[in-house]
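Residues per chain, in single letters:
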Amino acid sequence: MLYAGPDPKDVEPSARCGVICSRKFDKRAVRRNRARRLLHEAFRLTERELTPCRIIFIPRRAILNMKMQDVAHQLERLFRKAGLLQTSPK
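We now turn to the structure provided with this report. (Residues numbered from 1 in each chain as written. Predicted model: local features only at pLDDT ≥ 70, side-chain atom pairs only at ≥ 80, totals over all residues. Heavy atoms only, no water.)

Here we look at helix H2 (residues 68-82)
Look at H2: 21 Å from first C-alpha to last across 15 residues, which is about the 21 Å you get at 1.5 Å a residue. Those residues of H2 that fall on the buried side of the exposure criterion are Val71, Ala72, Leu75 and Phe79. Down the axis of H2, the buried side of the element spans an arc of 100 degrees, and every buried residue falls inside it. Residues of H2 that are exposed and point over 90 degrees away from its buried face: Gln69, His73 and Lys81. Structurally, H2 contributes buried residues whose contacts are with helix H1 (29-46) and strand E3 (54-57). At the C-terminal side of H2, Gly83 shows a positive phi close to 75 degrees. (Helix = DSSP H or I, 4+ residues; strand = E, 2+ residues; numbered from the N terminus. Expected span 1.5 Å × (residues − 1). Buried < 20%, exposed > 50% of the residue type's maximum accessible area, 1.4 Å probe, protein only. Arc of directions from axis to C-beta. Contact = heavy atoms within 4.5 Å.)

The following block contains the structure:
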């Protein structure tokens, strides 16, 4: 996570994310796109529980060997550690 903070431009506050995945991550676009999709989907699943903020993700290569549920669990753990979750864990 590179940046997480309130978004002053949002009229209706919500959590938003972006993913930066360059060719340095992997030369194959298929793998870079899979990493982006995994992060976006995992974020979408936890989006309602987050405080309004903007988050930029920079994936590591280990994400290529992970399932979507594992990525979602890791994101939830990171959000809890950063204090971005509004509700208690289920």
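Focus on the environment of Arg32
Along the chain, the position of Arg32 falls in helix H1. Residue classification places Arg32 among the buried positions, given a relative accessible area of 12%. Spatially, the C-alpha atom of Arg32 lies 8.8 Å from that of Leu64, the residues being 32 residues apart in sequence. Once you skip the residues sitting within four places of it in the chain, Arg32 turns out to touch Cys21, Ser22, Arg23, Phe25, Asp26 and Lys27. There is a polar contact of 3.0 Å between the side chain of Arg32 and the backbone oxygen of Lys27. (Polar contact = N/O pair within 3.5 Å; in protein donor to acceptor, adjacent residues only side chain to side chain.)

Considering the environment of Leu84
Mapped onto the secondary structure, Leu84 falls in the segment after H2. With a relative accessible area of 11%, Leu84 lands in the buried category. Taking the C-alpha atoms as reference, Leu84 lies 5.5 Å from Leu50; in sequence the two are 34 residues apart.

Some remarks on the packing of aromatic side chains
Taken as a whole and judged by the stated rule, the model has three aromatic pairs. Centre to centre, the rings of Phe43 and Phe57 are 6.2 Å apart; their planes meet at 65 degrees, and the pair counts as edge-to-face. Pair noted here: Phe43 is in helix H1 and Phe57 is in strand E3, with a separation of 14 residues, a long-range link. For the pair Phe43 and Phe57, one class covers both residues: buried. An angle of 80 degrees between the planes, with centres 6.3 Å apart, marks the rings of Phe43 and Phe79 as edge-to-face. Here Phe43, found in helix H1, pairs with Phe79, found in helix H2; they are 36 residues apart in sequence, far enough to count as distant. Three or more aromatic residues joined by ring pairs form one cluster here, namely Phe43, Phe57 and Phe79. (Phe/Tyr/Trp six-rings, centres within 6.5 Å; stacked < 30°, edge-to-face > 60°.)

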